[in-house]
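The residues making up each chain are set out below.
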Amino acid sequence: MTLSLLVLQPTPFCNIDCDYCYLPARTDKSHMSMATLRAAIHWVIDAGLVGKELSIVWHAGEPMVLPPAWYREAFTVVGEACPPGIGVRHSIQTNGTLVDDAWCALIREAGINVGLSLDGPAQLHDRHRRTRTGRGTHAAVMDGLGKLKAHGIPVHAICLLTRESLRCADEILDFFIGCDIRNVGFNIEEIEAAHAISSLQAVGIEAEFAAFFDRILERLRAAPGQLRIREVEDVLSALRHPRFGSLTSNCQNTPFEIVSVSWDGRISTFSPELLGTEHPRYGAFAFASVHTDCFEDAIYSPRYRLVAAEIAAGREACRHECAYFPFCRGGAPANKLAENGSFAGTETLYCRITQKVVNERVLRALEHDLIRAS
Ligand code: SF4
C-alpha cells in the first residue's frame with residue numbers, strides 16, 4: 001500500500017454556504033491542533049504508507065479560514081515529523097474569498113499548489129456559491145484571483161457544473177480563458193453526504209452533458225494549447241498508460257491510497273468525502289484515531305473490513321459488467337453509497353456522466369480526428 005494523497009482537515013468550518021455542499025459540519029469552527037497534526041504525520045509514516053513523496057491537500061472545510069501563521073507552524077511540524085529524504089508537497093483547495101497579500105506571501109514561500117473553486121461567470125457562480133446571508137461570492141473570488149495573479153501564483157480551477165451550466169459551454173470557456181486560467185477541472189453537482197439531490201437528476205441529462213462536452217472539445221480543437229481540461233487529460237493519460245486495460249482499481253477504491261484525517265485526528269480512507277460521515281449500515285467511516293490507534297487497529301477493525309470488502313465487491317462487479325472499466329477502474333465508493341445505498345453496486349448518475357459520457361465523447365473526437373487524418 002502506498003499513499004498517493006493525504007487529505008488533512010485543518011477545520012471543518014467554511015466561511016460561505018454553497019447550496020450543493022456535501023460537508024456535514026461546515027458551521028463547526030473547531031481546528032486541528034499541532035499535536036494532532038504531528039500524530040497524523042507519524043501515523044501514516046509508521047504505517048509504512050509513505051514513499052519518497054508525501055502529497056498533502058488541506059481541504060474538507062475552507063482551509064484559508066485559518067491564518068497563514070497557523071500554516072507556517074503546521075508546515076514546520078510536518079517537516080519535523082517526516083524522516084529525511086521525504087519530499088513534501090502542499091496543496092490547498094480554496095473558495096478564494098479570503099485570499100490576501102499575507103496568504104499570497106505564504107503560497108509563494110511554501111510553493112503551495114492552489115486549486116480555486118470557481119464556477120465560471122458570475123451568473124452561474126452566484127446562483128450556488130453564496131454567503132450565509134445569501135450574497136453571491138463571485139466578486140470576492142475574482143478579487144482573490146487578482147491578488148494571486150499579481151503575485152505571479154499559478155492557479156487551476158475546479159468548476160462545478162449544475163444543469164444550467166450545461167447550456168453555457170462557451171460562456172464558461174470564454175470566462176476561464178479571459179481570466180488566464182489555463183487548467184480547469186469540471187466537477188458535477190453530486191448526490192453525496194449532506195447533499196441528497198442534484199439538478200442533474202433529470203431525464204435526458206446524459207444527452208445534455210454530451211452536447212456540453214462536445215462543444216468543449218470543439219473549442220479545444222479549434223485553439224490547441226489554450227486550455228487544458230482535466231477530464232480530457234485523464235482520458236488521454238489512461239490511454240497512454242503502459243498498463244492500460246490491466247489496472248484493476250483507482251485511488252478512491254484502493255485501501256489507504258488516500259488517507260483523510262479530520263481536525264480531531266479521526267482517520268478514514270477510500271473517497272475523501274467519507275470523512276466525518278456515517279451510515280446506518282456501516283457506522284462511522286472513521287476507522288482509527290491518530291491519538292489512540294495504530295494502522296493494524298484500523299485494518300483489523302470489523303467496520304473497516306466490512307467497508308473494504310464491499311468496496312472490493314463493487315469494484316469487481318464493475319470489472320465484470322462495465323465496458324468503461326479500463327478508464328474508471330471501479331468508480332467512487334462515496335457516490336455508490338450515496339446513490340445506491342451500498343458500496344457493492346456499480347453504476348451511478350455520477351459515473352454515467354463523468355465516466356461514460358466523457359469517455360465516449362473524447363474517444364469519439366479522437367476517432368473523428370484519426371479518420372480525417374487517414
Ligand atoms: S463507469 Fe460506473 S459502472 Fe463503469 S466501472 Fe465506473 S463506476 Fe463502475
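Up top you'll find the structure we're talking about.
Residues numbered from 1 in each chain as written. Predicted model: local features only at pLDDT ≥ 70, side-chain atom pairs only at ≥ 80, totals over all residues. Heavy atoms only, no water.

## What to know about the packing of helix H2 (residues 68-81) against helix H3 (residues 101-110)
Then, number 1: With their axes 10 Å apart at the nearest point, H2 and H3 run at an angle of 20 degrees to one another. By the criterion of interaxial angle, the relationship of H2 to H3 is roughly parallel. Viewed along their axes, H2 and H3 form a crossing whose handedness is left-handed. Between H2, through Pro-68, Tyr-71, Arg-72 and Phe-75, and H3, the contact on the second element is made entirely by Ala-102, Trp-103, Ala-105, Leu-106, Glu-109 and Ala-110.
Then, number 2: Considered class by class, the residues forming the contact of H2 with H3 number eight nonpolar, no polar and two charged. (Axes fitted to C-alpha atoms, helices over the stretch in contact; angles between N-to-C directions. Helix = DSSP H or I, 4+ residues; strand = E, 2+ residues; numbered from the N terminus. Parallel < 35°, antiparallel > 145°, perpendicular 65-115°, else oblique. Left-handed = near helix turned anticlockwise from the far one by under 90°. Contact = heavy atoms within 4.5 Å. Nonpolar A, V, L, I, M, F, W, Y, C, P; charged D, E, K, R; others polar.)

## Considerations on the pairing of strand S4 (residues 113-117)
Then, number 1: With respect to burial, S4 is a largely interior element, four of its five residues being buried.
Then, number 2: Note that strand S3 (residues 87-94) and S4 share four bridges and pair parallel. Opposite Ile-92, over in S4, you have Val-114 as the bridge partner.
Then, number 3: Remark: the S3/H3/S4 crossover connection has right-handed handedness.
Then, number 4: The sheet contact formed by S4 and strand S5 (residues 155-161) spans four bridges and is parallel. Its bridge partner lying in S5, Ser-117 is registered against Ile-158. (Buried < 20%, exposed > 50% of the residue type's maximum accessible area, 1.4 Å probe, protein only. Pairing = 2+ DSSP bridges. Right-handed = clockwise from strand over helix to strand, strands pointing away.)

## Considerations on helix H13 (residues 349-373)
In an α-helix there are 3.6 residues to a turn, and that puts residues three or four apart on one side.
Then, number 1: In a regular helix each residue adds 1.5 Å, so 25 residues correspond to 36 Å; H13 covers 35 Å between its end C-alpha atoms and thus fits that length.
Then, number 2: Elements in contact with the buried residues of H13: strand S6 (183-188), helix H7 (205-222), helix H8 (230-240), helix H11 (325-328) and helix H12 (333-340). (Expected span 1.5 Å × (residues − 1).)

## A word on the site of the ligand
Then, number 1: Near the ligand you find Cys-318, Cys-322, Phe-325, Cys-328, Gly-330, Gly-331, Glu-347, Cys-351, Gln-355 and Lys-356, and these make up its full shell.
Then, number 2: If you list the elements that add at least two residues to the shell around the ligand, you get H11 and H13.
Then, number 3: If one sorts the elements of the shell around the ligand by residue count, H13 sits on top with three residues. (Near = heavy atom within 4 Å.)

## Description of the sheet that holds strand S2 (residues 53-58)
Then, number 1: What the 10 strands build is an open sheet, ordered S7-S6-S5-S4-S3-S2-S1-S8-S9-S12; its pairing is mixed. Edge positions in the sheet fall to strand S7 (228-229) and strand S12 (288-289), since each of these pairs with one other strand and no more.
Then, number 2: Helix-sheet contacts for H7 involve S5, S6 and S7, and the interaxial angle to S6 is about 175 degrees.

## Overview of unusual backbone geometry
Then, number 1: Positioned with a positive phi, Ala-60 is a non-glycine residue whose angle comes to about 75 degrees.
Then, number 2: Its location among the elements puts Ala-60 in the loop between S2 and H2.
Then, number 3: Of note, the phi angle at Arg-329 is positive, near 55 degrees, even though the residue is not glycine.
Then, number 4: Looking at where Arg-329 falls in the secondary structure, it is placed in the loop between H11 and H12.

## Some details on the packing of H7 against H13
Then, number 1: Two elements in contact, H7 and H13, have axes separated by 9 Å at closest approach and are oriented at 40 degrees. The orientation of H7 relative to H13 falls into the category oblique. Viewed along their axes, H7 and H13 form a crossing whose handedness is right-handed. Contact with H7, carried on its side by Ile-205, Glu-206, Phe-209, Ala-210, Phe-213, Asp-214, Leu-217 and Arg-221, involves Leu-349, Arg-352, Ile-353, Val-357, Val-358, Arg-361, Val-362, Arg-364, Ala-365, His-368 and Asp-369 of H13 and no other residues of that element.
Then, number 2: Of the residues contributing to the contact of H7 with H13, the split by class is 11 nonpolar, one polar and seven charged.

## Notes on the pairing of S3
Then, number 1: By the bridge criterion, six bridges tie S2 to S3 in an arrangement that is parallel. Among the inter-strand pairings, Trp-58 is bridged to a residue of S3, identified as Ile-92.
Then, number 2: One crossover worth recording links S2 to the parallel S3 by way of H2, and it is right-handed.

## Section: the side chain of Glu-273
Then, number 1: Mapped onto the elements of the fold, Glu-273 is located in the loop between strand S9 (266-269) and strand S10 (278-279).
Then, number 2: Of the side chains with opposite charge, Arg-230 comes closest to the buried, unpaired Glu-273, at an N-O distance of 9.6 Å.
Then, number 3: Those residues in contact with Glu-273 that sit more than four places away from it in its chain are Tyr-22, Glu-192, Gln-252 and Ala-334. (Lys, Arg positive; Asp, Glu negative; His and termini not counted. Salt bridge = Lys/Arg side-chain N within 4 Å of Asp/Glu carboxyl O.)

## So, helix H10 (residues 302-321)
Then, number 1: The end-to-end C-alpha distance of H10, which contains 20 residues, comes to 28 Å, matching closely the 28 Å that a straight helix rising 1.5 Å per residue would cover.
Then, number 2: Of the positions making up H10, those classed as buried are Tyr-304, Val-307, Ala-308, Glu-310, Ile-311, Gly-314, Arg-315, Ala-317 and Cys-318.
Then, number 3: Contact partners of the buried residues in H10: S9, helix H9 (295-299), H11 and H12.

## Quick look at the packing of aromatic side chains
The geometry of two aromatic rings is summed up by the distance between their centres and the angle between their planes.
Then, number 1: What the rule picks out here adds up to 20 aromatic pairs.
Then, number 2: Relative to Phe-295, the ring of Phe-256 has its centre 4.9 Å away and its plane inclined at 75 degrees; by these criteria the two rings are edge-to-face. Of the two residues, Phe-256 is situated in the loop between H8 and strand S8 (258-261) and Phe-295 in helix H9; the sequence distance between them amounts to 39 residues. Phe-295 matches Phe-256 in its accessibility class, with the two residues each being buried.
Then, number 3: Here the aromatic residues Trp-43, Phe-256, Phe-270, Phe-287, Phe-295 and Tyr-304 are joined through ring pairs into a cluster of three or more.
Then, number 4: Taking NZ or CZ as reference, Arg-281 lies 5.1 Å from the ring centre of Tyr-282, over its face. (Phe/Tyr/Trp six-rings, centres within 6.5 Å; stacked < 30°, edge-to-face > 60°. Lys NZ or Arg CZ within 6 Å of the ring centre and 35° of its normal.)

That is the geometry; function is a separate question.
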